[in-house]
Structures are given as C-alpha cells and as structure tokens.
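# Descriptive analysis of the structure
The chain contents come next:
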Amino acid sequence: MLKTTLIDGVKPAKYDKDIAGNLLLENTDADEVRAQKFVIGVRNEDGAIYRLIGATKHNSFTNAVEELEDLELVDELSDMEGTTHEGCDAIFRQS
C-alpha cells in the first residue's frame, strides 16, 4: 500500500478525490511518506505541491505513476529520469 499525506496549509486540487479513489492510499504523516524509497508529489491548480505519495518498491511506484497518468495528469519529471526535484521522484499536475 502507498503512504500519503496532505501538506498542511496547502489547498488540495479539485481532482484530489479522483486520486484518493483510484489509488490504495494509507494516510500518515509527511516524515513517514518522505522516508519511503520513492516519493511522488501532486500539484494543485496554483502550482503548489499539496499531496505526497510514498512507495517502498519500484513496482508500487510504477503502478501509482500509471494510475495518475490514467487520470490525465502529467509528470513534470518524466524526461529527467533518475533525478529528484523538490524531494520528489515524480511530480504530477493537470495538463
């Protein structure tokens, strides 16, 4: 199961209910999510990362990425494989 947290003080995106509905997420605190091997950030309409999703295994990470792409979200870091930005291995936003 993927671990997730909402960032305090940052407004969730309007499409957040779709993310929560499509991924098996366990709510926890930000430190525990950031401790996972892979971290995915999700931006709101204002461009701020409001949700973090953590995965312990590459397979879980890949499945989460595919689910987010199915929701027509775009990974800003897809062309920069192997690098992180803002502490995330992938950052998704609306296209």
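Our subject in this report is the structure included herewith. What you see is a predicted model, and the numbers here were worked out from it, not measured in a lab.

### Looking at the nonpolar core
Core analysis: the largest hydrophobic core is formed by 18 residues, its most contacted members being Ile19 and Ile40. Elements with a minimum of two residues in this core: β3 (38–43), β4 (49–55), α3 (58–70) and β6 (90–94). It is α3 that provides the largest number of residues to this core, a total of four residues. Those residues in contact with Ile40 that sit more than four places away from it in its chain are Arg51, Leu52, Ile53, Phe61, Ala64, Val65, Leu68, Cys88, Ala90 and Phe92.

### Concerning the environment of Ser60
Along the chain, the position of Ser60 falls in helix α3. A residue is classified by how much of its surface remains accessible, and Ser60, at 27% relative accessible area, is partly exposed. In the structure, Ser60 is positioned 58 residues away from Leu2 in sequence and 7.3 Å away in space, judged by C-alpha atoms. Those residues in contact with Ser60 that sit more than four places away from it in its chain are Leu2 and Ala55.

### Some thoughts on the packing of aromatic side chains
According to the stated counting rule, one finds one aromatic pair in the structure shown. Centroid distance Phe38 to Phe61: 5.0 Å. Interplanar angle 25°. Geometry classified as stacked. Here the residue Phe38 occupies a position in strand β3, and Phe61 occupies one in helix α3, the gap between them amounting to 23 residues. Per residue, the accessibility class of Phe38 equals that of Phe61, and both read buried.

Rules of the game
Residues numbered from 1 in each chain as written. Predicted model: local features only at pLDDT ≥ 70, side-chain atom pairs only at ≥ 80, totals over all residues. Heavy atoms only, no water. Core = buried A, V, L, I, M, F, W, Y, C linked by side-chain atoms within 4.5 Å. Buried < 20%, exposed > 50% of the residue type's maximum accessible area, 1.4 Å probe, protein only. Helix = DSSP H or I, 4+ residues; strand = E, 2+ residues; numbered from the N terminus. Contact = heavy atoms within 4.5 Å. Phe/Tyr/Trp six-rings, centres within 6.5 Å; stacked < 30°, edge-to-face > 60°.

Function-wise, these values are silent; they only describe arrangement.
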